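Descriptive analysis of the structure
What follows is each chain in one-letter form.
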Amino acid sequence: MRAIWKGAVSFGLVSIGVKLYSATEEKDIRFHQVHREDGGRIRYKRTCSVCGEEVTYDDIAKGYDIGGGEMVILTDEDFADLPLTSSRAIDVLEFVPAEQVDPILYNKAYFLEPEGTATKPYVLLRDALTDSERVAIVKVALRQREQLATLRVREGVLLLNTMLWPDEIRTPDFGFLDEDLKVRPPELAMASSLIDSMTGEFEPDVFTDDYRAALQEVIDAKVEGREVVQPEEAEEAPAAAVDLMAALKASVDRARAARGEQPARGGSGGEPTPISSARSAQKAAEKKAAKAPAKKTTAKKTAEKKTTAKKAEPAKKTAAKKAEPAKKTAARKAAPRKSA
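Presented here is a report on the structure given in the accompanying data block. Just so it is clear, the structure is predicted and the values come from calculations on it, not from any experiment. (Residues numbered from 1 in each chain as written. Predicted model: local features only at pLDDT ≥ 70, side-chain atom pairs only at ≥ 80, totals over all residues. Heavy atoms only, no water.)

**Overview of the overall build of the protein chain**
Looking only at helices and strands, one finds 6 helices and 9 strands in the protein chain. Counting over 340 residues, the protein chain shows a buried share of 17%. At a minimum sequence separation of 6, the contacts of the protein chain that also span at least 24 residues come to 59%. Carbon and sulfur atoms form 54% of the exposed surface of the protein chain, whose accessible area is close to 28300 Å². (Helix = DSSP H or I, 4+ residues; strand = E, 2+ residues; numbered from the N terminus. Buried < 20%, exposed > 50% of the residue type's maximum accessible area, 1.4 Å probe, protein only. Contact = heavy atoms within 4.5 Å. Areas by Shrake-Rupley, 256 points an atom, 1.4 Å probe, with all protein chains shown as cover.)

**Quick word on helix α2 (residues 119-132)**
Along its 14 residues, α2 runs 20 Å from first to last C-alpha, staying within 8% of the 20 Å computed at 1.5 Å per residue. Of all the residues in α2, the buried ones are Tyr122, Leu125 and Leu129. The arc that holds the buried residues of α2, viewed along the axis, is 65°, so those residues lie on one side. Pointing more than 90 degrees away from the buried face of α2 are the exposed residues Lys120, Leu124 and Asp131. Remark: Glu133 follows α2 within two positions and exhibits a positive phi of approximately 55°. (Expected span 1.5 Å × (residues − 1). Arc of directions from axis to C-beta.)

**Here's the deal with unusual backbone geometry**
For Glu133, which is not glycine, the phi torsion reads 55° and is therefore positive. Tracing the backbone shows Glu133 in the loop between α2 and β7 (134-142). Even without glycine at this site, Glu155 takes up a positive phi of about 55°. Along the chain, Glu155 turns up in the loop between β8 (145-154) and β9 (157-163). Judged by its relative accessible area of 71%, Glu155 falls in the exposed class.

**Details of the layout of surface pockets**
The space that makes up the second largest pocket amounts to roughly 220 Å³. If you trace the second largest pocket, you find it lined by Ser22, Thr24, Glu25, Glu26, Lys108, Ala109, Tyr110 and Arg143. No other element matches strand β6 (residues 106-114), which puts 3 residues into the lining of the second largest pocket. In terms of residue class, the lining of the second largest pocket is made up of 2 nonpolar, 2 polar and 4 charged. (1 Å grid on protein atoms, 1.4 Å probe; cavity = no way out; pocket = protein on both sides within 12 Å on 5 of 7 lines; lining within 4 Å. Points joined across faces, edges and corners; volume = space filled by probe spheres on them. Nonpolar A, V, L, I, M, F, W, Y, C, P; charged D, E, K, R; others polar.)

**What about the nonpolar core?**
Counting residues in hydrophobic clusters, the biggest one holds 21 residues, and the most contacted among them are Val9, Val18, Ile90, Leu112, Val138 and Leu160. At the level of secondary structure, the elements contributing two or more residues to this core comprise β1 (5-11), β2 (14-22), β5 (89-97), β6, α2, β7, β8 and β9. A per-element tally of this core places β7 first, with 4 residues. Contact partners of Val9, with chain neighbours within four places excluded, come to Val14, Ser15, Ile16, Val18, Ile90, Val92, Leu112, Leu125 and Leu151. Counting 7 residues, the second largest nonpolar core, distinct from the first, contains Val96, Val101, Val135 and Leu148. (Core = buried A, V, L, I, M, F, W, Y, C linked by side-chain atoms within 4.5 Å.)

**Brief notes about a nonpolar patch on the surface**
Taken together, the side chains of Tyr64, Ile66, Val72 and Leu74 define a hydrophobic patch exposed on the protein surface, amounting to about 360 Å² of accessible area. At the level of elements, β3 (62-67) and β4 (70-74) are the ones that each hand at least two residues to the nonpolar patch. Mapped onto the secondary structure, Leu74 falls in strand β4. (Patch = residues over 30% accessible without salt bridge, like charges linked within 9 Å, V, L, I, M, F, W, Y side chains within 5 Å. Salt bridge = Lys/Arg side-chain N within 4 Å of Asp/Glu carboxyl O.)

**Considering a negative patch on the surface**
A grouping of Asp76, Glu77, Asp78 and Asp81 is seen on the molecular surface, where their side chains present a negatively charged patch. For Asp76, the location among the structural elements is in helix α1 (residues 76-80). (Lys, Arg positive; Asp, Glu negative; His and termini not counted. Charge placed at Lys NZ, Arg CZ, Asp CG, Glu CD.)

**Here's the deal with the packing of aromatic side chains**
Using the criterion set out here, one finds 3 aromatic pairs in the structure. Measuring from ring centre to ring centre gives 6.0 Å for Phe11 and Phe95, while their planes differ by 80°; the resulting arrangement is edge-to-face. One end of the pair, Phe11, is in strand β1; the other, Phe95, is in strand β5, with 84 residues separating them in the sequence. Classification of Phe11 by relative accessible area gives partly exposed; the value is 25%. With a centroid separation of 6.1 Å and 25° between ring planes, the pair formed by Phe202 and Phe207 is classed as stacked. Judged by its relative accessible area of 66%, Phe202 is exposed. Owing to a relative accessible area of 57%, Phe207 belongs among the exposed residues under this scheme. A cation over a ring is seen here: Arg46 above Tyr57, with NZ or CZ 4.0 Å from the ring centre. (Phe/Tyr/Trp six-rings, centres within 6.5 Å; stacked < 30°, edge-to-face > 60°. Lys NZ or Arg CZ within 6 Å of the ring centre and 35° of its normal.)

In structure tokens:
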């Protein structure tokens with residue numbers, strides 16, 4: 001990383017020399033404007049709208065439009081006379097709890113590195129901020145502009161977050177804010193259940209920029225001269241007007257299914273209470289107990305039938321054996337005697 005600014009953190013009577021580094025970078029894929037036919041870069045000339053001449057950077061000044069076609073021109077000397085007392089200093093104004101700073105105020109983030117012999121006071125301020133569980137509100141001048149910022153600790157390094165000024169935050173002015181809309185308690189309960197079913201720990205590394213990855217694949221394919229095969233996406237049916245409660249319940253069931261949980265039963269869609277869980281368990285036990293004796297009785301009857309059949313089988317064989325000689329004797333008596 002390359003330092004973009006050098007200065008000092010003014011902490012009471014302590015001055016801590018630091019270097020400023022950009023803590024973030026954009027990963028967006030950038031393009032140049034080119035001529036479609038031959039790929040030549042498109043260049044723009046800086047021309048004056050009054051005389052039509054091309055103007056160099058040295059002849060360009062800053063102008064403020066006051067309306068009516070009139071322009072006030074400011075030179076570098078005008079900016080040099082401005083009272084930027086914190087031009088090379090990060091002045092600590094106060095320390096406040098971090099939760100009191102509205103995240104909408106945050107703008108850009110920068111790392112601070114101690115310079116020279118400033119490591120000891122740097123570490124002292126870092127550890128003091130960590131122990132106090134507060135952030136420092138500071139003022140700093142960057143790129144000829146005074147900015148409000150915070151100092152906090154991230155991974156053992158002081159992090160400077162520049163902030164917007166309060167008058168740079170717009171006030172929301174929407175018509176629905178004046179409407180008297182009522183939310184029914186069941187709808188609120190179902191929405192809360194949906195939030196609970198989708199609650200997790202924030203791990204930013206699991207999220208990816210799918211569009212940038214797909215665009216990079218297209219560029220790589222162009223370079224390598226191969227064709228990009230896009231997966232077919234199923235066309236979603238246009239969303240019909242559905243009942244809010246039905247949509248919330250379906251959302252809860254889908255969120256639970258994604259987590260491998262059972263969908264909510266009934267129309268409430270909320271988590272089971274201890275009482276309802278106990279009742280459900282009791283009913284399940286009663287059903288199980290009612291089914292168990294019936295199974296045992298059926299099994300017992302089946303066993304008895306098998307025993308009776310086994311006992312009856314030898315008796316049948318014995319009777320058959322006894323009946324066979326009797327049949328033979330009767331047949332002999334019935335046969336006619338031959339004459340002498």
